[in-house]
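# Coordinates in review
The lines below spell out each chain.
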Amino acid sequence: MSSDKQHKQTKSIRTQTPRSEQREHATPIYMTSSFVFDSAEHARALFANEEEGNVYSRYSNPTCDEFVQKITDMEGCEDGISTASGMAAVFVSMAGILEQGDHILVSRSLFGSTHQILTGIFPKWGISHTYVDVDRPDDWEAAITPDTRMIFVETPSNPGLDIIDLEWLGNLAEKHNLILNVDNCFATPVLQNPAEFGADLVVHSATKYIDGQGRAIGGVIAGKSRYIEELRFFARHSGPAMSPFNAWIFSKSLETLPVRMEKHCSNAAELTERLQGIPGIQKVKYPFHPDHPQYELARKQMKAGGGIVTITLEHGYEQASRFIDNLQMISISANLGDTRTIATHPASTTHSKLTEEERLNVGITPGLVRISVGLEHPDDIEQDIRQAVERSF
Ligand SMILES: *Cc1c(COP(=O)(O)O)cnc(C)c1O
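A brief structural summary. (Residues numbered from 1 in each chain as written. Predicted model: local features only at pLDDT ≥ 70, side-chain atom pairs only at ≥ 80, totals over all residues. Heavy atoms only, no water.)

## Structural notes on the site of the ligand
- The environment of the ligand is made up of 13 residues, and the closest members are Met87, Asp183, Ser205, Thr207 and Lys208.
- At 3.3 Å, a side-chain N or O of Asn158 approaches an oxygen atom of the ligand.
- The side chain of Ser205 places a nitrogen or oxygen atom 2.8 Å from an oxygen atom of the ligand.
- Considering only residue class, the shell around the ligand consists of four nonpolar, six polar and three charged. (Near = heavy atom within 4 Å. Polar contact = N/O pair within 3.5 Å; in protein donor to acceptor, adjacent residues only side chain to side chain. Nonpolar A, V, L, I, M, F, W, Y, C, P; charged D, E, K, R; others polar.)

Here's what the structure looks like:
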């Protein structure tokens, strides 16, 4: 069983909910919508919260609980809940706490759908937001109003790979009594633990590195008990529950997340080196490369640079599309964090709903291509990129 003293790598494997009388070794899948009561009195006591136990899989299920327990342990948080997607996690983590009139401070570079929640959904409910730039720390404090309740950030950001100083942000949130909510999708619980720096909530899209094999959609929120309690109430009654089958996939996947991340990171670092100076590639960006403007900060708060590298092609959109069309092995897809290397052109796909100006503000130029570096041999990844760049002029 798991204990507090164990390393994260051990917790990702050994954390488990109690096994059944069958004494199964691996995680069982509890595909059941409800659970039976011993008696009318037992049912009453469960509903009255006088006894602990499973009632209905919309609010608790042992397979989902095991997945949540693992993430919570790996993030160093008190409690957590699983959700049907990463976006459900982002939405619940905000909507479950915020009220009409509240204001959120957000980093400008955000996942496309998070931007849509803030600009297309929350205004209908009277929840406002202000975007602030990562590289202008003074703007953050200036943007705080008496109505500000939460700070929401993504670091490293998707796809710009901007890094936000979590220690500084944790102190700012504490000083102004704000809830700090961090989307930790790119770093995973293996490379960065925002709770160490004072984050109250940490959200993940489990779809990405946590599954890591492109099979299932899911999300998870870990954090301080008093906030998770509020979110649990919201999720129990609004219903964005994770399927136990997906929870089983994610729980099994977590067992290999630390070793997979080692290889994603070493492949990405290796590729960053090998792509330097190739004619046609203007820029290669990676958090753990000295050319990254926040290299020192990345090294301070992350254990490794992650599995995403961005390249900027010299001749903009035309060259970027020809590059993508000439890839032979690398997949063209919007997903990331997969064993398979994936290329995405953010300006025309994931971030196409933003205006040109909004895109440029967060570093999404027409020539930018996001490479989610997979677990193939680095020679083969490099070779495919080289040949596609050569054919892209
Ligand atoms: C993919 C992603 C999400 C959304 O997750 P889904 O599982 O696709 O709903 C949120 N944040 C970041 C940073 C992502 O990359």
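Read on for the rest.
## Some words on helix H3 (residues 62–75)
- The end-to-end C-alpha distance of H3 is 20 Å, a good match for the 20 Å that 14 residues give at a rise of 1.5 Å each.
- The element H3 is extensively covered by neighbouring structure, given that twelve of its 14 residues are classed as buried.
- Measuring from the side-chain oxygen of the N-cap residue of H3 to the backbone nitrogen of Thr63 gives 2.9 Å; that N-cap residue is Asn61.
- At the exit of H3 stands Gly76, carrying a positive phi of roughly 70 degrees. (Helix = DSSP H or I, 4+ residues; strand = E, 2+ residues; numbered from the N terminus. Expected span 1.5 Å × (residues − 1). Buried < 20%, exposed > 50% of the residue type's maximum accessible area, 1.4 Å probe, protein only.)

## Digging into the packing of H3 against helix H10 (residues 244–254)
- The geometry of H3 relative to H10 is characterised by a closest axis approach of 8 Å and an angle of 35 degrees between their N-to-C directions. Classified by chirality, the crossing of H10 by H3 is left-handed. Contact residues: Thr63, Cys64, Glu66, Phe67, Lys70, Ile71 and Met74 in H3; Pro244, Ala247, Trp248, Phe250, Ser251 and Leu254 in H10.
- Tallied by class, residues from the contact of H3 with H10 come to nine nonpolar, two polar and two charged. (Axes fitted to C-alpha atoms, helices over the stretch in contact; angles between N-to-C directions. Left-handed = near helix turned anticlockwise from the far one by under 90°. Contact = heavy atoms within 4.5 Å.)

## Points about the pairing of strand S4 (residues 148–154)
- Extensive coverage of S4 is indicated by the burial of six of its seven residues.
- Inspection of the sheet shows S4 paired to strand S5 (residues 179–183) by five bridges, in the parallel sense. Bridge assignment links Glu154 to a residue of S5, and that residue is Asp183.
- Crossover handedness for the path S4 to helix H7 (residues 166–175) to S5: right-handed. (Pairing = 2+ DSSP bridges. Right-handed = clockwise from strand over helix to strand, strands pointing away.)

## A closer look at the packing of aromatic side chains
- In this structure the tally under the stated criterion is nine aromatic pairs.
- Measuring from centroid to centroid gives 6.2 Å for Phe91 and Phe122, while their planes differ by 35 degrees, and the two rings are tilted. Of this pair, Phe91 sits in helix H4 (residues 86–95) while Phe122 sits in the loop between helix H5 (112–121) and strand S3 (128–132); the two residues are 31 residues apart in sequence, bridging distant segments of the chain.
- When the centroid spacing of 6.0 Å and the interplanar angle of 45 degrees are considered together, the rings of Phe122 and Trp125 count as tilted. (Phe/Tyr/Trp six-rings, centres within 6.5 Å; stacked < 30°, edge-to-face > 60°.)

## Let's talk about a nonpolar patch on the surface
- A cluster of nonpolar side chains, namely Ile29, Met31 and Phe245, defines an oily patch on the protein surface of about 280 Å² accessible area.
- Mapped onto the elements of the fold, Ile29 is located in the loop between helix H1 (8–14) and helix H2 (40–47).
- Of the residues examined, Ile29 reaches a relative accessible area of 33% and is grouped as partly exposed. (Patch = residues over 30% accessible without salt bridge, like charges linked within 9 Å, V, L, I, M, F, W, Y side chains within 5 Å. Areas by Shrake-Rupley, 256 points an atom, 1.4 Å probe, with all protein chains shown as cover. Salt bridge = Lys/Arg side-chain N within 4 Å of Asp/Glu carboxyl O.)

## Some points on the sheet that holds strand S12 (residues 368–372)
- Spatial strand order, S8-S9-S12-S11-S10: five strands in an open sheet with mixed pairing. A single partner strand is all that each edge strand has here, and the edge strands are strand S8 (281–285) and strand S10 (331–332).
- The pairing of S8 with strand S9 (residues 308–313) spans four bridges and is classified as antiparallel. Across the sheet, the residue bridging to Lys285 is Thr310, located in S9.

## Comments concerning the side chain of Gln192
- Tracing the chain through its elements places Gln192 in the loop between helix H8 (188–191) and strand S6 (201–205).
- Relative accessible area serves as the criterion here: at 0%, Gln192 is assigned to the buried category.
- In this structure, Gln192 is in contact with Glu75, Thr155, Leu166, Asn184, Ala187, Gln301 and Met302, ignoring residues within four places of it in sequence.

## Some remarks on the pattern of salt bridges
- For the structure shown, the criterion picks out 22 salt bridges.
- Linking Glu255 and Lys70 is a salt bridge whose minimum nitrogen-to-oxygen distance equals 3.5 Å. One end of the pair, Glu255, is in the loop between H10 and helix H11 (257–274); the other, Lys70, is in helix H3, with 185 residues separating them in the sequence.
- Judged by relative accessible area, which is 22%, Glu255 ranks as partly exposed.
- Asp133 is paired through a salt bridge with Arg108; the nearest N and O atoms lie 2.7 Å apart. Of the two residues, Asp133 sits in the loop between S3 and helix H6 (137–143) while Arg108 sits in the loop between strand S2 (103–107) and H5, which places them 25 residues apart along the sequence.
- Using a relative accessible area of 17% as the deciding quantity, one classes Asp133 as buried.
- Linked through salt bridges whose partners overlap, the residues forming this network are Glu270, Arg274, Asp379, Glu382 and Arg386.

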